[in-house]
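Descriptive analysis of the structure
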Amino acid sequence: MSFSPIQVPDWLAQPAQFDTVIDVRSPAEFAEDHLPGAVNWPVLDDAERAHVGTVYTQVSTFEARKQGAALVSRRIADTLERHVADKPKDWRPLVYCWRGGQRSGSLSLVLAQIGFRTRQLQGGYKAFRAQVRDDLATLPGRFQWQVLRGRTGSGKTRLLAALAQEGAQVLDLEALAAHRGSVLGGLPGVAQPGQKQFEGQIWQRLQGFDPLRPVFVEAESRRIGARQLPDGVLAALQAPAGWVELQMDIPARTELLLDEYRFFTAEPEALCERLAELNSLRGNATVARWQSLARAGDWSQLLPELLDQHYDPLYDRQQRRSSAPVREMLLASGQPDALQAAARSLLA
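Residues numbered from 1 in each chain as written. Predicted model: local features only at pLDDT ≥ 70, side-chain atom pairs only at ≥ 80, totals over all residues. Heavy atoms only, no water.

Focus: the packing of aromatic side chains
Summed over the entire model, instances satisfying the criterion amount to nine aromatic pairs. When the centroid spacing of 6.1 Å and the interplanar angle of 65 degrees are considered together, the rings of tryptophan 11 and phenylalanine 128 count as edge-to-face. Of the two residues, tryptophan 11 is situated in helix α1 (residues 8-13) and phenylalanine 128 in helix α6 (residues 124-138); the sequence distance between them amounts to 117 residues. We note that tryptophan 11, like phenylalanine 128, is buried. Centre to centre, the rings of phenylalanine 128 and tryptophan 203 are 5.4 Å apart; their planes meet at 85 degrees, and the pair counts as edge-to-face. One end of the pair, phenylalanine 128, is in helix α6; the other, tryptophan 203, is in helix α9 (residues 195-207), and 75 residues separate them in sequence. Taking the relative accessible area as the measure of exposure, phenylalanine 128 reaches 1% and is therefore buried. Members of the aromatic cluster, joined through ring pairs, are Trp11, Trp98, Tyr125, Phe128 and Trp203. (Phe/Tyr/Trp six-rings, centres within 6.5 Å; stacked < 30°, edge-to-face > 60°. Helix = DSSP H or I, 4+ residues; strand = E, 2+ residues; numbered from the N terminus. Buried < 20%, exposed > 50% of the residue type's maximum accessible area, 1.4 Å probe, protein only.)

Observations concerning the environment of glutamine 169
Take glutamine 169: it is sitting in strand β7 (residues 169-171). On the basis of relative accessible area, glutamine 169 is assigned to the buried category, the value being 6%. Separated by 40 residues in the primary sequence, glutamine 169 and phenylalanine 209 place their C-alpha atoms 6.8 Å from one another. With residues near it in sequence (within four places) discarded, glutamine 169 still touches Gly208, Phe209, Asp210, Arg213, Pro214, Val215 and Phe216. From its side chain, glutamine 169 meets the backbone oxygen of proline 214 in a polar contact 3.3 Å long. (Contact = heavy atoms within 4.5 Å. Polar contact = N/O pair within 3.5 Å; in protein donor to acceptor, adjacent residues only side chain to side chain.)

Let's talk about the sheet that holds strand β6 (residues 144-150)
Ordered in space as β7-β8-β6-β11-β12, the five strands form an open sheet in which the pairing is parallel. Because the sheet does not close on itself, it has two edges, and the strands there are β7 and β12 (326-330). Taken over all neighbouring pairs, the strand axes of this sheet differ in orientation by 25 degrees on average, direction set aside. As paired strands, β7 and strand β8 (residues 214-218) are joined by three bridges and run parallel to one another. Within β8, the position partnered with leucine 171 by the bridge is valine 217. Along the sheet face, helix α17 (residues 336-347) touches β6, β8, β11 (242-247) and β12 and points at about 155 degrees away from the line of β12. (Pairing = 2+ DSSP bridges. Axes fitted to C-alpha atoms, helices over the stretch in contact; angles between N-to-C directions.)

A closer look at the nonpolar core
Among the nonpolar cores identified, the biggest contains 38 residues, and Trp11, Leu35, Trp145, Leu171 and Leu206 are the most heavily contacted of them. Where this core is concerned, the elements lending two or more residues are α1, β4 (93-96), α6, β6, α8 (173-177), α9, β8 and α10 (231-238). Residues in contact with leucine 206, not counting those within four places in the same chain, are Leu136, Leu139, Pro140, Phe143, Trp145 and Leu171. The next biggest cluster of nonpolar side chains, apart from the first, holds 19 residues, and it includes Leu159, Leu160, Ala168 and Met248. (Core = buried A, V, L, I, M, F, W, Y, C linked by side-chain atoms within 4.5 Å.)

Details of the pattern of salt bridges
As a working rule, side chains carrying opposite charge can pair if their charged atoms are close by. Within the structure shown, the criterion is met by 23 salt bridges. The partner of arginine 158 in a salt bridge is aspartate 259, with the nearest N and O atoms 2.5 Å apart. Here aspartate 259 lies in helix α11 (residues 250-260) and arginine 158 lies in helix α7 (residues 156-165), a separation of 101 residues in the sequence. With a relative accessible area of 32%, aspartate 259 lands in the partly exposed category. Put simply, aspartate 231 and arginine 222 hold a salt bridge, and the shortest N to O gap is 2.8 Å. (Salt bridge = Lys/Arg side-chain N within 4 Å of Asp/Glu carboxyl O.)

Considerations on the pairing of β4
Across the two faces of β4 the burial is the same, with Pro93 and Val95 and Leu94 and Tyr96 all buried. As judged from the four bridges shared by strand β2 (residues 20-23) and β4, these two strands associate in the parallel manner. Each bridged residue has a counterpart across the sheet, and for isoleucine 22 the counterpart in β4 is valine 95. Across two bridges, β4 lies against strand β5 (residues 119-121) in parallel orientation. The residue of β5 that forms the bridge with leucine 94 is arginine 119. Handedness of the β-α-β unit built from β4, helix α5 (residues 102-114) and β5 comes out right-handed. (Right-handed = clockwise from strand over helix to strand, strands pointing away.)

With respect to α17
Taking 1.5 Å per residue as the helical rise, α17 with its twelve residues ought to reach 16 Å, and the 16 Å between its terminal C-alpha atoms agrees with that figure. Buried within α17 we find Ala338, Leu339, Ala342, Ala343 and Leu346. Projected down its long axis, α17 carries its buried residues within an arc of 135 degrees, all on one side. Turned more than 90 degrees away from the buried face of α17 sit Pro336 and Asp337, all of them exposed. Looking at the buried side of α17, the elements it contacts are β6, α7, β8, β11 and β12. (Expected span 1.5 Å × (residues − 1). Arc of directions from axis to C-beta.)

So, the side chain of aspartate 135
Mapped onto the elements of the fold, aspartate 135 is located in helix α6. In this structure, aspartate 135 is buried with no salt-bridge partner, the nearest side chain bearing the opposite charge being arginine 142 at 5.8 Å. Sequence-distant contacts of aspartate 135, that is, excluding residues within four places in its chain, are made with Pro140, Trp203 and Gln207. (Lys, Arg positive; Asp, Glu negative; His and termini not counted.)

So, the side chain of glutamate 29
Along the chain, glutamate 29 turns up in helix α2 (residues 27-32). At a separation of 3.4 Å, a polar atom in the side chain of glutamate 29 contacts the side chain of arginine 49. Leave out the neighbours within four places in its chain, and glutamate 29 touches Arg49, Trp98 and Arg103.

Okay, structure coming up:
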């Protein structure tokens, strides 16, 4: 029995036809990005892949293939014992590697010879990435974007969560990027995904949206931390169907920020390191004062100053003119009841 190739669009049209999507690339390749729902059964680990590549460039293609075949064969035997022994006869695997070549072909051949209905993704991960890039250029234009904007601490992210709880279509870009989008936005102990993985997560979310219903998203600049929005997504956010302007007074915003950034109140020095990045914008003396307030735990003084002297002027300068309608929404606080009421009002 032989295996047959399948194109990326055909897989996307019927992903449920496969029980397991198998990525046979090395763990490092898989960690950078992979097909949604894929498992990693590498036929070469990172060191083995590097070794075979060195032989390929420094010795010969023939010698690299010979050594690679021995390594792959041993790894496939281990894979069969660890992952395949309990699979029923009607198990349907989809196998892919970087370009749909020898690595995925080796495992696909063995699985097909056993008797499994095996398919190999033609073009491999490279073809999938091309599909993601093409879709991200066009998909955002299909949706009715409602973009939440407002000053720092006005509850945009919390309102997105409340909207999701009410059944709205929500794209939380900061959650996907693992970053809150400002100099203080990095989440302690949480690494941002790679750029490819970030784009793949956006693509996956867009695939599930209904174009006939609005999609709610928070206004973002091109970069969220170290990650960059795809051009198609950024263009859609800058020319939405409508804006929702959130307004909240500074005491309520201060309360919300104290709740959101508790890790900084527990580790003032970490906050001071982030504040140092503002020296060029706000001056050494101002930043030193803010650092002193942080070390003293004087949050009721520090946060209103940060909002009034840094974040609010920055927000005002960044506002774009747009012909899209603006709906102003006053939030009394960032508490669940106020957010739920606001979400229901937006969806009414």
